[in-house]
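Structural overview for review
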Amino acid sequence: MRLSDRFFPIMSQPADNPLSIELYDEPGHLIRRAQQIAVSKFHEVHGRHVTPIQYAILRTLHETPGIDQVTLAQLIALDTSTTADIAARLEAKGWILREVLPRRQRRLSLTPAGEEVLLELRPGVDIMYRGMMSSLEPAEQKEFMRLLRKFVHLHDRQNKPEDHEARTARARAKPRA
């Protein structure tokens, strides 16, 4: 296989063998590998005292202080139980405050220690992102980020809870063959 085929494969497969598609031609595999690379680079720069998801929570709480835990989960695309678990760990570290609201909701905010952690992480995040993207030309970096944002945005729009419920209702209403 030529090197160019490896990095710029044509996503087609011979009709006689439906399993002949290469693993590196599958978008799901490439997305998973990209995520592994991003997490690995994050830990190379920051160590293991904070995870990328914890960073996302700290960053989101810095940008939207006082939001409730359910809204935080939606903003960072995590389920509510995982968000609650991580928030409890961040509270135990002294990085966030969780204030109980009516109906068992929790309002979240950064503590001064959480702000300090975020300030310490920020320069490394910039270095990490520049390092991850450095193998691409500047125009490719912009195009890569544009396509990633588009991919995520379109997927998020397609999978809103109300959209999912509407699709489920339509699917149930269809006559079965």
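Predicted model, so just to flag it, every value in this text is computed and none were measured. (Residues numbered from 1 in each chain as written. Predicted model: local features only at pLDDT ≥ 70, side-chain atom pairs only at ≥ 80, totals over all residues. Heavy atoms only, no water.)

1. What to know about unusual backbone geometry
Trans is the prevailing form of peptide bonds, just as negative phi is the prevailing case for residues other than glycine. Unlike most non-glycine residues, alanine 77 shows phi in positive territory, near 60 degrees. For alanine 77, a relative accessible area of 62% gives the class exposed. (Buried < 20%, exposed > 50% of the residue type's maximum accessible area, 1.4 Å probe, protein only.)

2. What to know about the confidence of the model for the protein
With 78% of its residues at a pLDDT of 70 or more, the protein has an overall mean of 83. Per-residue pLDDT, averaged within each element of the protein, yields its smallest value for helix H8 (residues 161-173) (49) and its largest for helix H3 (residues 52-63) (96). (pLDDT = per-residue confidence, 0-100. Helix = DSSP H or I, 4+ residues; strand = E, 2+ residues; numbered from the N terminus.)

3. Some thoughts on the layout of surface pockets
Roughly 170 Å³ of volume is contained in the second largest pocket. Residue lining of the second largest pocket: Gln69, Val70, Thr80, Ala84, Val100, Arg104, Gln105 and Arg106, and that is the complete set. Those elements that place two or more of their residues in the lining of the second largest pocket are helix H4 (69-76) and helix H5 (80-92). Residues belonging to the lining of the second largest pocket are distributed by class as follows: three nonpolar, three polar and two charged. (1 Å grid on protein atoms, 1.4 Å probe; cavity = no way out; pocket = protein on both sides within 12 Å on 5 of 7 lines; lining within 4 Å. Points joined across faces, edges and corners; volume = space filled by probe spheres on them. Nonpolar A, V, L, I, M, F, W, Y, C, P; charged D, E, K, R; others polar.)

4. Comments concerning the environment of isoleucine 86
Checked against the element boundaries, isoleucine 86 lands in helix H5. Taking the relative accessible area as the measure of exposure, isoleucine 86 reaches 7% and is therefore buried. Distance from isoleucine 86 to isoleucine 53, taken between C-alpha atoms, is 8.5 Å for residues 33 residues apart in sequence.

5. A short note on the pattern of salt bridges
Going through the model one piece at a time under the given rule, you end up with five salt bridges. When the shortest N-O distance is used, the salt bridge between arginine 98 and glutamate 91 registers 3.1 Å. On the basis of relative accessibility, which here comes to 17%, the residue arginine 98 falls in the buried class. Classification of glutamate 91 as partly exposed rests on a relative accessible area of 31%. Where arginine 107 meets glutamate 99, a salt bridge forms, and the shortest distance between an N and an O atom there is 3.1 Å. (Salt bridge = Lys/Arg side-chain N within 4 Å of Asp/Glu carboxyl O.)

6. Focus on H3
Under the 1.5 Å per step criterion, the end-to-end length of H3 is 16 Å for 12 residues, consistent within 8% with the ideal 16 Å. Those residues of H3 that fall on the buried side of the exposure criterion are Gln54, Tyr55, Ile57, Leu58, Thr60 and Leu61. As for H3, its buried residues are in contact with helix H2 (27-46), H4, H5, strand E1 (96-100), strand E2 (106-110) and helix H6 (112-133). (Expected span 1.5 Å × (residues − 1). Contact = heavy atoms within 4.5 Å.)

7. Focus: the nonpolar core
Counting 21 residues, the largest nonpolar core has Ile57, Leu58, Leu61, Leu72, Leu90 and Ile96 as its most contacted members. Where this core is concerned, the elements lending two or more residues are H3, H4, H5, E2 and H6. Among the elements that take part in this core, H6 stands out by supplying five residues, more than any other. Excluding anything up to four places from it in sequence, isoleucine 57 contacts Leu72, Ile76, Ile86 and Leu90. (Core = buried A, V, L, I, M, F, W, Y, C linked by side-chain atoms within 4.5 Å.)

8. Focus on the packing of H3 against H6
At a closest axis distance of 10 Å, the pairing of H3 and H6 adopts a crossing angle of 115 degrees. Taken as axis vectors, H3 and H6 run roughly perpendicular relative to one another. For the crossing formed where H3 meets H6, the hand is left-handed. Contact residues: Tyr55, Leu58, Arg59 and His62 in H3; Glu115, Val117, Leu118, Leu121, Arg122 and Val125 in H6. Partitioned by chemical class, the residues of the contact of H3 with H6 number six nonpolar, one polar and three charged. (Axes fitted to C-alpha atoms, helices over the stretch in contact; angles between N-to-C directions. Parallel < 35°, antiparallel > 145°, perpendicular 65-115°, else oblique. Left-handed = near helix turned anticlockwise from the far one by under 90°.)

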